[in-house]
Amino acid sequence: MRIVFCGTPEFGVPTLRRLLSSPEFTVEAVVTQPDRPRGRGQKVSPSAVKEVAVEAGARIYQPESVKADAAHDFFAQVNPDAVVIIAYGQIIPRRLLEIPRLGWMNLHASLLPRYRGAAPIAWAIGNGETKSGLTTMRVDPGLDTGPILMQREIKIGDDETAPELASRMAELGAPLVLESLIKVERGEIQPTPQDSSQASFAPLLTKEHGRIDWTQTAGEIYNRIRGLAPWPGAFSTFRARLCHVWGRPGATAAAAVGQDVGSMIVNDAAIDVVCGGNTLLRLDALQMEGRKRVSAQEFAHGARLRSGERFAD
């Protein structure tokens, strides 16, 4: 089967590697976003998918927009049997969807129709879900609205972070994509329309999504810390400056009774923050804006922290 693979970040790499190494498939081209400034130094560098494609000697195409006539001409010239798209980063126009005889197949990191959108892993963890999953679907012009091909349910670990779950899902998704392609080719899958009445959404993350609401319980805040790692992270305001925090629910909540949310309880053993429902978040580490991340104890000593000081809303 002749394949074009479209993808950009690390999440698509395991599937691309499996397609490149499987005798049932020929990867005719790899389509990825143009090289962009990345990282703290903003050095222009290729995507994770492009690095794998270069290593494999694959044909690479990096259009600024897949809506351009040149992009249509490229796909029409290659004329693949199917296109696999994973976290590519652009909406595909209808005229491109009609080119491959088996259509476009997407791997989405949720059990659709739940968590349609750009950040399904972050929102599933951040909302306290205990399970998620993977879906292969036929792409249509909507946002993750195409008919479902196959699904696999995945348990979310109690302490699992978004990067950890993403890495695990990426590896589990690769064989699901290959199995879906083979079954589509053989006519062994009947695509199932999504029930849009059951849909929920996972919008693109913004920095403000990371601001902690201390009226939430410590467990709810812990979910946000896990889900919003590494960006935007979970942060609050302390002494008029942004401060990122890491922590987990404390063992006892008795000391929180009668305290304002966001207030800190400081002793030689730990720093606890009072949260909603008389719960406590025990801090592991903090990072003031423009400074390095330090342990909670280092922060307490360096800031001369006192019980009763509080994070602002």
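Scroll up to find the structure this text is about.
Residues numbered from 1 in each chain as written. Predicted model: local features only at pLDDT ≥ 70, side-chain atom pairs only at ≥ 80, totals over all residues. Heavy atoms only, no water.

Caption draft 1: Molecular detail of the overall build of the protein chain. Counting its secondary structure elements, the protein chain contains eight helices and 15 strands. Projected onto its principal axes, the C-alpha coordinates of the protein chain cover approximately 70 × 40 × 30 Å. Of all 313 residues assigned to the protein chain, the portion counted as buried reaches 49%. Contacts spanning at least 24 positions in sequence make up 67% of the contacts within the protein chain whose residues lie at least 6 apart. Carbon and sulfur atoms form 50% of the exposed surface of the protein chain, whose accessible area is close to 15,000 Å². Of the charged side chains in the protein chain, 36 are positive and 35 negative, and the gap between their average positions amounts to 4 Å. (Helix = DSSP H or I, 4+ residues; strand = E, 2+ residues; numbered from the N terminus. Buried < 20%, exposed > 50% of the residue type's maximum accessible area, 1.4 Å probe, protein only. Contact = heavy atoms within 4.5 Å. Areas by Shrake-Rupley, 256 points an atom, 1.4 Å probe, with all protein chains shown as cover. Lys, Arg positive; Asp, Glu negative; His and termini not counted. Charge placed at Lys NZ, Arg CZ, Asp CG, Glu CD.)

Caption draft 2: Focus on the environment of Arg17. Along the chain, Arg17 turns up in helix H1 (residues 13-21). The partly exposed category is assigned to Arg17, whose relative accessible area is 40%. Between the C-alpha atom of Arg17 and that of Val139, which follows or precedes it by 122 residues, the distance is 22 Å. Each residue touching Arg17, except ones within four places of it in the same chain, is listed here: Val52 and Glu55.

Caption draft 3: A look at the layout of surface pockets. In this model, the largest pocket occupies a volume close to 1,800 Å³. Along the walls of the largest pocket sit 49 residues, with Pro9, Ala87, Ala118, Ala119 and Leu204 positioned nearest its centre. Tallying contributions element by element places helix H6 (residues 162-186) first for the lining of the largest pocket, with six residues. Its boundaries defined by the atoms lining it, the second largest pocket holds a volume of some 250 Å³. (1 Å grid on protein atoms, 1.4 Å probe; cavity = no way out; pocket = protein on both sides within 12 Å on 5 of 7 lines; lining within 4 Å. Points joined across faces, edges and corners; volume = space filled by probe spheres on them.)

Caption draft 4: Representation of H1 within the structure. The set of residues buried in H1 consists of Val13, Pro14, Thr15, Leu16 and Leu19. As for H1, its buried residues are in contact with strand S1 (2-7), strand S2 (26-31), helix H2 (48-56), strand S6 (82-86), strand S7 (104-108) and H6.

Caption draft 5: Focus on the sheet that holds strand S5 (residues 60-61). Within the open sheet, the seven strands sit side by side as S5-S2-S1-S6-S7-S8-S9. Their pairing is mixed. The sheet is open, and its two edges are formed by S5 and strand S9 (148-155), each paired on a single side. Pairing between strand S8 (residues 131-138) and S9: seven bridges, direction antiparallel. For Thr135, the partnering residue across the bridge sits in S9 and is Gln151. Running at roughly 160° to S1, H1 makes contact with S1, S2, S6 and S7 of the sheet. (Pairing = 2+ DSSP bridges. Axes fitted to C-alpha atoms, helices over the stretch in contact; angles between N-to-C directions.)

Caption draft 6: The nonpolar core, seen in detail. Counting residues in each nonpolar core, the largest one holds 46 residues, and the members touching the most others are Phe11, Leu19 and Leu181. In terms of residues, this core owes the most to one element, H6, which gives nine residues. When near neighbours in sequence (up to four residues on either side) are disregarded, Leu181 contacts Met1, Ile3, Leu19, Phe25, Ala82, Val84 and Met105. Ala218, Phe238, Phe299 and Leu305 belong to the second-largest nonpolar core, a separate cluster that totals 24 residues. (Core = buried A, V, L, I, M, F, W, Y, C linked by side-chain atoms within 4.5 Å.)

Caption draft 7: Here's a closer look at the side chain of Asp144. Inspection of the secondary structure puts Asp144 in the loop between S8 and S9. Contacts of Asp144, omitting those with residues within four sequence positions, involve Asn106, His108, Leu112, Arg116, Gly117, Met137 and Gln194.

Caption draft 8: Geometry of empty space enclosed by the protein. Evaluated as defined, the whole model comprises one cavity of 30 Å³ or more. Lining the largest cavity, in full, are Ala82, Leu102, Gly103, Trp104, Met105, Arg138, Leu149, Leu181 and Val184. Of the residues contributing to the lining of the largest cavity, the split by class is seven nonpolar, one polar and one charged. (Nonpolar A, V, L, I, M, F, W, Y, C, P; charged D, E, K, R; others polar.)

Caption draft 9: Summary view of unusual backbone geometry. The linkage connecting Ala229 with the following residue, Pro230, adopts the cis geometry, with an omega of -5°. Inspection of the secondary structure puts Pro230 in the loop between helix H7 (218-227) and strand S10 (235-238). The peptide bond linking Trp231 to Pro232 adopts the cis configuration, its omega dihedral lying at 5°. Here Pro232 is to be found in the loop between H7 and S10. At Ala240, a position not held by glycine, the phi torsion is positive, near 70°. Judged by its relative accessible area of 73%, Ala240 falls in the exposed class.

Caption draft 10: The packing of H1 against H2, seen in detail. Relative orientation of the contacting elements H1 and H2 amounts to 20°, with a least axis distance of 9 Å. The angle between H1 and H2 falls in the class roughly parallel. Every pair of crossing elements has a handedness; the one defined by H1 and H2 is right-handed. For the pair H1 and H2, the contacting residues are Val13, Leu16, Arg17 and Leu20 in the first and Ala48, Val49, Val52, Ala53, Glu55 and Ala56 in the second. (Parallel < 35°, antiparallel > 145°, perpendicular 65-115°, else oblique. Left-handed = near helix turned anticlockwise from the far one by under 90°.)

Caption draft 11: Summary view of the packing of H1 against H6. Running from N to C, H1 and H6 cross one another at 45°; their axes reach a closest spacing of 7 Å. Taken as axis vectors, H1 and H6 run oblique relative to one another. For the pair H1 and H6, the crossing hand works out as right-handed. Residue-level contacts link Pro14, Thr15, Arg18 and Leu19 of H1 to Ala170, Glu171, Gly173, Ala174, Pro175, Val177, Leu178 and Leu181 of H6.

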